[in-house]
Amino acid sequence: VQLVESGGGLVQPGGSLRLSCAASGFTFSSYDMSWYRQTPGKERELVASITRAGANTNYAGSVKGRFTISRDNAKNTVYLQMNSLKPEDTAVYYCNARSLYYIYWGQGTQVTVSS
């Protein structure tokens, strides 16, 4: 099982980034997918989630209206489009796959929002 995040980097406030998470080794379309983020000294927090077929999404209040989660089950990939980025969005972003019985995590990708 692998979840490989990409797309992180350094961006100025107000800018945009698109994170991708490529999944392999399990039946992607059977898993709800989420993005979490974590900063040093803080607990990992849920940013956004999407159900197996993509019909339902959920967002943390701090990112609602700025971030969009989506998935392509044909490509086994989940995305996080991040717009209007703020310095407080700086964190390591993790991809998460969840089913009734299993939970998988990616290794994380750093997002830094700074001028």
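Before reading further, recall that the structure is shown in the block above.
Residues numbered from 1 in each chain as written. Predicted model: local features only at pLDDT ≥ 70, side-chain atom pairs only at ≥ 80, totals over all residues. Heavy atoms only, no water.

**Q** I tried to follow the pairing of strand β11 (residues 109-113) on my own but got confused; where do I start?
**A** Side-chain direction in a regular strand flips from residue to residue, so the side chains alternate between the two faces of the sheet. Side chains Thr109, Val111 and Val113 of β11 all project onto a buried face; the interleaved residues Gln110 and Thr112 project onto a face where none is buried. Strand direction decides the pairing type here: strand β2 (residues 9-11) and β11, joined by three bridges, are parallel. Bridge pairing links Val11 to Val113 in β11. (Buried < 20%, exposed > 50% of the residue type's maximum accessible area, 1.4 Å probe, protein only. Helix = DSSP H or I, 4+ residues; strand = E, 2+ residues; numbered from the N terminus. Pairing = 2+ DSSP bridges.)

**Q** Can you help me understand the state of the cysteines in this one?
**A** A covalent bond between the sulfur atoms of two cysteines is referred to as a disulfide. For the coordinates displayed, the defined rule picks out one disulfide. Residue pairing for Cys21: its cysteine sulfur links by disulfide to Cys95, the two sulfurs lying 2.1 Å apart. Sign of the S-S torsion, about -85 degrees for the bond between Cys21 and Cys95, identifies this disulfide as left-handed. Note that Cys21 is positioned in strand β3 (residues 17-24) and Cys95 in strand β9 (residues 91-98), a separation of 74 residues in sequence. Residue Cys95 is classed as buried on the basis of its relative accessible area, which comes to 0%. (Disulfide = S-S within 2.5 Å.)

**Q** Can you walk me through the packing of aromatic side chains in this structure?
**A** For any two aromatic rings, the description comes down to two numbers: the centre-to-centre distance and the angle of the planes. Taken as a whole, this structure holds five aromatic pairs when the rule is applied. Here Tyr102 and Tyr104 contribute two aromatic rings whose centre-to-centre distance is 6.2 Å and whose plane-to-plane angle is 5 degrees, an arrangement assigned as stacked. Since its relative accessible area comes to 47%, Tyr102 is described here as partly exposed. These aromatic residues form a ring-pair network of at least three members: Phe26, Tyr31, Tyr102 and Tyr104. (Phe/Tyr/Trp six-rings, centres within 6.5 Å; stacked < 30°, edge-to-face > 60°.)

**Q** Can you help me understand the environment of Gly14 in this one?
**A** Within the fold, Gly14 resides in the loop between β2 and β3. Exposure remark for Gly14: the relative accessible area of 53% places this residue in the exposed category. The spatial distance from the C-alpha of Gly14 to the C-alpha of Val113 is 8.7 Å, given a sequence separation of 99 residues.

**Q** What am I meant to see in the pairing of strand β8 (residues 77-82) here?
**A** Burial runs high along β8: five of the six residues are buried. Strand direction decides the pairing type here: β3 and β8, joined by six bridges, are antiparallel. Bridging across to β8, Leu19 finds its partner in Leu80. Here strand β7 (residues 67-72) runs beside β8; their pairing, made up of six bridges, is antiparallel. Note that in β8 the partner of Arg71 across the bridge is Val78.

**Q** Hey, could you run me through the side chain of Arg71 in this one?
**A** As for its placement among the helices and strands, Arg71 is situated in strand β7. One polar contact links the side chain of Arg71 to the main-chain carbonyl oxygen of Tyr31, over a distance of 2.9 Å. There is a polar contact of 2.8 Å between the side chain of Arg71 and the side chain of Asn73. The residues touching Arg71, leaving out its near neighbours within four places in the chain, are Phe28, Ser29, Tyr31, Asp32, Met33, Ile50, Thr51, Arg52, Gly54, Thr77, Val78 and Tyr79. (Polar contact = N/O pair within 3.5 Å; in protein donor to acceptor, adjacent residues only side chain to side chain. Contact = heavy atoms within 4.5 Å.)

The quantities given are spatial measurements derived from coordinates; they are silent on function.
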